[in-house]
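Coordinates in review
Chain residues, written in single-letter form:
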Amino acid sequence: MWASYLTFIPAAIALALYFDFYIQASVIIGLLIFGVVFAVNSSLHSYLIVSYADSDGVSLDVGFYYMANAMGRLIGTVLSGWVYQEFGLEACLWISSAFVAIAALLSLKLPNQYKAAAY
């Protein structure tokens, strides 16, 4: 649910840029809202990685999560820098929205914790 909220914020900022709708205010306010929703998402990720981790290998699971997170941030930083230089801020926002939408769709496949605990 939170990832889907996060999907629409960069898209809304990109639309504001496209329609020249109070560009400075739209970017600043939009990024502030994005930051708050992203912080909630981040805390949920931290909770979920520990709750889904095997009791015997929590440190391994958490370590893998942080390794994958760091790799994603590196790739995202390089990709966003290239997209910004080639196509501008609006394109960065659309691509960001697309990647968050993909993450939201993938998260639908996560097992239900309550069903998993019953087995």
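Because the structure is a prediction, the values reported are computed rather than measured.

1. Remarks on the layout of surface pockets
A volume near 2000 Å³ is recorded for the largest pocket. What lines the largest pocket is a set of 46 residues, and nearest its centre among them are Phe38, His45, Phe99, Val100 and Ala103. Elements supplying a minimum of two residues to the lining of the largest pocket: helix 1 (2-18), helix 2 (23-52), helix 3 (58-87) and helix 4 (89-107). A per-class count over the lining of the largest pocket returns 32 nonpolar, 13 polar and one charged.

2. Some thoughts on a nonpolar patch on the surface
Together, Leu15, Tyr18, Phe19, Phe21, Tyr22 and Trp94 make up an exposed nonpolar region whose accessible area comes to about 750 Å². Along the chain, Trp94 falls in helix 4.

3. Brief notes about the packing of helix 1 against helix 2
Look at helix 1 against helix 2: their axes get within 9 Å of each other, and the N-to-C directions meet at 165°. On the basis of the axis angle, helix 1 is roughly antiparallel to helix 2. Crossing of helix 1 against helix 2: the hand is left-handed. Across the interface between the two elements, Trp2, Ala3, Tyr5, Leu6, Ile9, Pro10, Ile13, Ala16 and Leu17 of helix 1 pack against Ile23, Ser26, Val27, Gly30, Leu31, Ile33, Phe34, Val37, Phe38, Val40, Asn41 and Leu44 of helix 2.

4. Concerning unusual backbone geometry
One non-glycine residue, Asp20, lies in positive phi territory at about 50°. Inspection of the secondary structure puts Asp20 in the loop between helix 1 and helix 2. On the accessibility criterion, Asp20 (57% relative accessible area) is exposed. Backbone geometry places Tyr22, a non-glycine residue, at a positive phi of 40°. Within the secondary structure, Tyr22 is located in the loop between helix 1 and helix 2.

5. Let's talk about the packing of aromatic side chains
Within the structure shown, the criterion is met by six aromatic pairs. Ring plane angle 70° and centroid distance 5.0 Å describe the contact between Tyr65 and Tyr66, whose orientation is recorded as edge-to-face.

6. Concerning helix 3
Spanning 30 residues, helix 3 covers 42 Å between terminal C-alpha atoms, matching the ideal 44 Å at 1.5 Å per step. Inspection of helix 3 places Val62, Tyr65 and Val83 among the buried residues, and these make up the whole buried set. Where helix 3 is buried, its residues meet helix 2 and helix 4. Just downstream of helix 3, Gly88 is the residue with a positive phi angle, here 100°.

Rules and cut-offs
- Residues numbered from 1 in each chain as written.
- Predicted model: local features only at pLDDT ≥ 70, side-chain atom pairs only at ≥ 80, totals over all residues.
- Heavy atoms only, no water.
- 1 Å grid on protein atoms, 1.4 Å probe; cavity = no way out; pocket = protein on both sides within 12 Å on 5 of 7 lines; lining within 4 Å.
- Points joined across faces, edges and corners; volume = space filled by probe spheres on them.
- Helix = DSSP H or I, 4+ residues; strand = E, 2+ residues; numbered from the N terminus.
- Nonpolar A, V, L, I, M, F, W, Y, C, P; charged D, E, K, R; others polar.
- Patch = residues over 30% accessible without salt bridge, like charges linked within 9 Å, V, L, I, M, F, W, Y side chains within 5 Å.
- Areas by Shrake-Rupley, 256 points an atom, 1.4 Å probe, with all protein chains shown as cover.
- Salt bridge = Lys/Arg side-chain N within 4 Å of Asp/Glu carboxyl O.
- Axes fitted to C-alpha atoms, helices over the stretch in contact; angles between N-to-C directions.
- Parallel < 35°, antiparallel > 145°, perpendicular 65-115°, else oblique.
- Left-handed = near helix turned anticlockwise from the far one by under 90°.
- Contact = heavy atoms within 4.5 Å.
- Buried < 20%, exposed > 50% of the residue type's maximum accessible area, 1.4 Å probe, protein only.
- Phe/Tyr/Trp six-rings, centres within 6.5 Å; stacked < 30°, edge-to-face > 60°.
- Expected span 1.5 Å × (residues − 1).

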